[in-house]
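Chain residues, written in single-letter form:
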Amino acid sequence: MLSGELKEGDKHELFCPHCGEMFKKLVNCNCRPGADMVVIGMTPELDFNDAITFCNVAGCTNGTFIKSGDVIRHIRLQGTF
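Enquirer: Describe the overall build of the protein chain, and please don't skip the residues or the numbers.
Expert: Along the protein chain, the regular secondary structure elements total one helix and four strands. Secondary structure elements of the protein chain occur, N-terminal to C-terminal, as β-β-β-β-α. With 81 residues in all, the protein chain has 26% of them scored as buried. For the protein chain, restricting intrachain contacts to residue pairs at least 6 apart in sequence, the fraction spanning at least 24 positions comes to 31%.

Shown next as structure tokens:
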């Protein structure tokens, strides 16, 4: 459940609503300094090859579904997200 108001451009710490664990950082986001792309697994055991990733800055449009490690390969080859 979300509560409160998110202001565009603000960075937020994001936590799992079930266990309270902070979402894991995948890579830095290029939308602003200090922004992080966080990752949520699609299965109970976090698998970076089957996940959703998005920025922890409100209003950032960077994010994607990760299928078969495509994003991981892109980061390794290009050095950026």
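Enquirer: Explain the side chain of Thr53 to me, and be specific about the residues and the numbers.
Expert: Structurally, Thr53 can be placed in strand S3 (residues 50-55). Residue class for Thr53 comes out buried when judged on its relative accessible area of 1%. A polar contact of 2.8 Å, which involves the side chain of Thr53, links it to the backbone oxygen of Val38.

Enquirer: Before we move on, can you summarise the pattern of salt bridges with the specific residues and values?
Expert: Going through the model one piece at a time under the given rule, you end up with two salt bridges. When the shortest N-O distance is used, the salt bridge between Lys11 and Asp36 registers 3.5 Å. Note that Lys11 is positioned in the segment before strand S1 (24-28) and Asp36 in strand S2 (residues 36-41), a separation of 25 residues in sequence. A salt bridge links Lys25 to Asp36, with the nearest nitrogen and oxygen atoms 3.5 Å apart.

Enquirer: Could you give an account of the packing of aromatic side chains, with specific residues and numbers?
Expert: The relation between two aromatic rings is expressed through the spacing of the ring centres and the mutual angle of the planes. Counted by the stated rule, this structure contains one aromatic pair. Measuring from centroid to centroid gives 6.4 Å for Phe23 and Phe54, while their planes differ by 80°, and the two rings are edge-to-face. Separated by 31 residues along the polypeptide, Phe23 in the segment before S1 and Phe54 in strand S3 bring together distant segments of the chain.

Enquirer: Summarise the nonpolar core; cite the residues concerned and give the values.
Expert: Core analysis: the biggest nonpolar cluster contains nine residues, these being Leu26, Val27, Cys29, Ala35, Met37, Val39, Ala51, Cys55 and Val57. Among the elements of the structure, S1, S2 and S3 are those that each provide at least two residues to this core. Among residues more than four places away in sequence, those in contact with Ala35 are Asn28, Cys29, Cys55, Asn56 and Val57.

Enquirer: Describe the pairing of S2, naming the residues involved and giving the relevant values.
Expert: Pairing analysis gives four bridges linking S1 to S2, with the strands arranged antiparallel. Each bridged residue has a counterpart across the sheet, and for Asn28 the counterpart in S2 is Asp36.

Enquirer: Which residues make up the environment of Cys16, and what are the values?
Expert: Locating Cys16 in the fold gives a position in the segment before S1. The sequence separation of Cys16 and Ile40 amounts to 24 residues, and the corresponding C-alpha distance is 8.8 Å. Not counting residues within four places of it along the chain, the set of residues in contact with Cys16 comprises Glu21 and Phe23.

What counts, and where the lines are drawn
- Residues numbered from 1 in each chain as written.
- Predicted model: local features only at pLDDT ≥ 70, side-chain atom pairs only at ≥ 80, totals over all residues.
- Heavy atoms only, no water.
- Helix = DSSP H or I, 4+ residues; strand = E, 2+ residues; numbered from the N terminus.
- Buried < 20%, exposed > 50% of the residue type's maximum accessible area, 1.4 Å probe, protein only.
- Contact = heavy atoms within 4.5 Å.
- Polar contact = N/O pair within 3.5 Å; in protein donor to acceptor, adjacent residues only side chain to side chain.
- Salt bridge = Lys/Arg side-chain N within 4 Å of Asp/Glu carboxyl O.
- Phe/Tyr/Trp six-rings, centres within 6.5 Å; stacked < 30°, edge-to-face > 60°.
- Core = buried A, V, L, I, M, F, W, Y, C linked by side-chain atoms within 4.5 Å.
- Pairing = 2+ DSSP bridges.

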